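Observations on chain architecture
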Amino acid sequence: MNSDKSLKKIIYLSCTPVSSIVGNKIDPWWFKSKGFEVEYWNVTKINYTEKALDTYFGGSPDYKFTFPNEIVIRNRIELEEKMSMVGTNSIIVILDFWQTKDLWIYALLKKYNLEYYLSPRTNAILYYPKKNIKGLFTSIVKSIHRGDLYSKVKESIFRYLYKYTNNYKKPSYVFVCGNKGKEQWINTQAKIYVNVPSPDILWKKKERLIKDNYCVYIDDGVTYSPDMALIDGESDNLTTTNIEKYKSNISKIFDIIEFTNKLKVIIAASGKIKYSENNIYSGKDVYYHKTNELIQNSSLVIGHCSSGILQVVVSKKPMILLLDETFIPEKNENIIIAGEALNIKPIWSSEFKYFKLESIGIDIKKYEIIVKDYLCSENCEVDYREIIFNCLTNHTTD
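Residues numbered from 1 in each chain as written. Predicted model: local features only at pLDDT ≥ 70, side-chain atom pairs only at ≥ 80, totals over all residues. Heavy atoms only, no water.

**Re the nonpolar core**
- Formed by 56 residues in total, the largest nonpolar core has its most connected members in Ile 257, Tyr 281 and Met 319.
- Counting residues per element, this core draws most heavily on helix H11 (residues 243-261), which supplies six residues.
- Non-local contacts of Met 319, meaning those with residues more than four positions away in its chain, are made with Leu 300, Val 301, Ile 309, Val 312, Leu 342, Ile 344, Ile 360 and Tyr 367.
- Grouped together as the second largest cluster of nonpolar side chains are 29 residues, Leu 13, Met 83, Leu 108 and Leu 114 included. (Core = buried A, V, L, I, M, F, W, Y, C linked by side-chain atoms within 4.5 Å. Buried < 20%, exposed > 50% of the residue type's maximum accessible area, 1.4 Å probe, protein only. Helix = DSSP H or I, 4+ residues; strand = E, 2+ residues; numbered from the N terminus. Contact = heavy atoms within 4.5 Å.)

Here is the structure:
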């Protein structure tokens, strides 16, 4: 990093709120400790109201990530002024690529000839229908139900313009995961695609946090979903239409698991919401920011469609995916899509019955294919930050 043409500064840019979950994965503080100057350009106020942003982070005081040297940018003029002053020894990191409202940013990057890269992202296997007629129909129906079909059509037009015109700057690097990572991000038209182990996964084995055998329930914010606040800024943040009914349903399932299989049920929470001692899980032990460690050493995992279930695939654990009659339609649809990807048939909570743990099958072959294709193709225990760091330190500016 001593060459006059070497990169010395990393500028993180995001038009959507950055949670502690995302921030800890991109880990700007680590790059700062390695000698880079680090800034964060917070562009969220251009797209979202103060109320929406406050609601997004309202579930827990620790949910908002703290960056080194945050700069709040309130309009497009301010952003263009900042871009016009970026030096040649800097590179920008786009944290939320393909945001429909933000295609103009890539036009500015083109105008000022600024280099940028895309940080590793969760692969789409759990969240999008298969690319066939049924999958297309499912996507259209979901868009009509959400009332965003127009915006989806507009997004498709923007993607077409990005791909087939020379009006927008293309990334210098895209960091991808698995054998199919490049295929999923090929439309970015990056100069270089670099494969890294998924930052969503804990690849090295950790010591047990709990001595006894246990079942993990992956909490994914049913009673407080930050993303809901970004839809219209007025959402009540729920993905359930009846909290008490959901609470009753999940409590009965916990009782069945503990009674039938002698497994203590514990809650793995991401930190989107901070629960009180008298929480919706009937006083069950709640562990924050330890989801992957808990899954690694568990006997059984229960979840819906959180990205946390990818750790289940890597750790090859038996898993139950739960649908619930109180969930909003989109949530149940996403659970079904996740089940198709993982070859797991979801169960309606109202139909949950007594079972033996041994009866829960694991499609090991399917899991191994998913890992290779979408999470890590080789050298999985290599620190993905080191791979990015090596790319940046070996990169020379024009």
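**Considerations on the sheet that holds strand E2 (residues 37-42)**
- The seven strands are arranged E3-E2-E1-E4-E5-E6-E7 in an open sheet whose pairing can be described as parallel. Only two strands of the sheet have a single partner each, and these edge strands are strand E3 (70-72) and strand E7 (192-195). Going across the sheet, the axis of each strand differs from the next one's by a mean of 25°, ignoring polarity.
- Examined bridge by bridge, strand E6 (residues 173-176) and E7 share four bridges and lie parallel to one another. Residue pairing across strands places Tyr 173 opposite Ile 192, the latter belonging to E7.
- Each of strand E1 (9-14), E2 and E3 is contacted by helix H5 (residues 76-84), which is oriented at about 160° to E2, the strand it contacts most. (Pairing = 2+ DSSP bridges. Axes fitted to C-alpha atoms, helices over the stretch in contact; angles between N-to-C directions.)

**Observations concerning the packing of H5 against helix H6 (residues 103-111)**
- In the contact formed by H5 and H6, the axes pass within 10 Å of each other and the chain directions differ by 30°. Relative to H6, the element H5 is oriented roughly parallel. The element H5 and its partner H6 pack so that their crossing is right-handed. Taken together, the residues of H6 that come into contact with H5 (itself represented by Arg 76, Leu 79, Glu 80 and Met 83) are Trp 104, Ile 105, Leu 108, Leu 109 and Lys 111.
- For the contact of H5 with H6, the per-class residue count stands at six nonpolar, no polar and three charged. (Parallel < 35°, antiparallel > 145°, perpendicular 65-115°, else oblique. Left-handed = near helix turned anticlockwise from the far one by under 90°. Nonpolar A, V, L, I, M, F, W, Y, C, P; charged D, E, K, R; others polar.)

**Some points on the pattern of salt bridges**
- Within the structure shown, the criterion is met by 13 salt bridges.
- Here Asp 373 and Lys 180 are joined by a salt bridge, their closest N and O atoms 4.0 Å apart. Taken together, the residues span a long stretch of sequence, with Asp 373 in helix H15 (residues 364-375) and Lys 180 in the loop between E6 and helix H9 (181-184) at a distance of 193 residues.
- Put simply, Lys 284 and Glu 258 hold a salt bridge, and the shortest N to O gap is 2.9 Å. Here Lys 284, found in the loop between strand E9 (264-269) and strand E10 (286-288), pairs with Glu 258, found in helix H11; they are 26 residues apart in sequence, far enough to count as distant.
- Overall, Glu 258 belongs to the partly exposed group, its relative accessible area being 25%. (Salt bridge = Lys/Arg side-chain N within 4 Å of Asp/Glu carboxyl O.)

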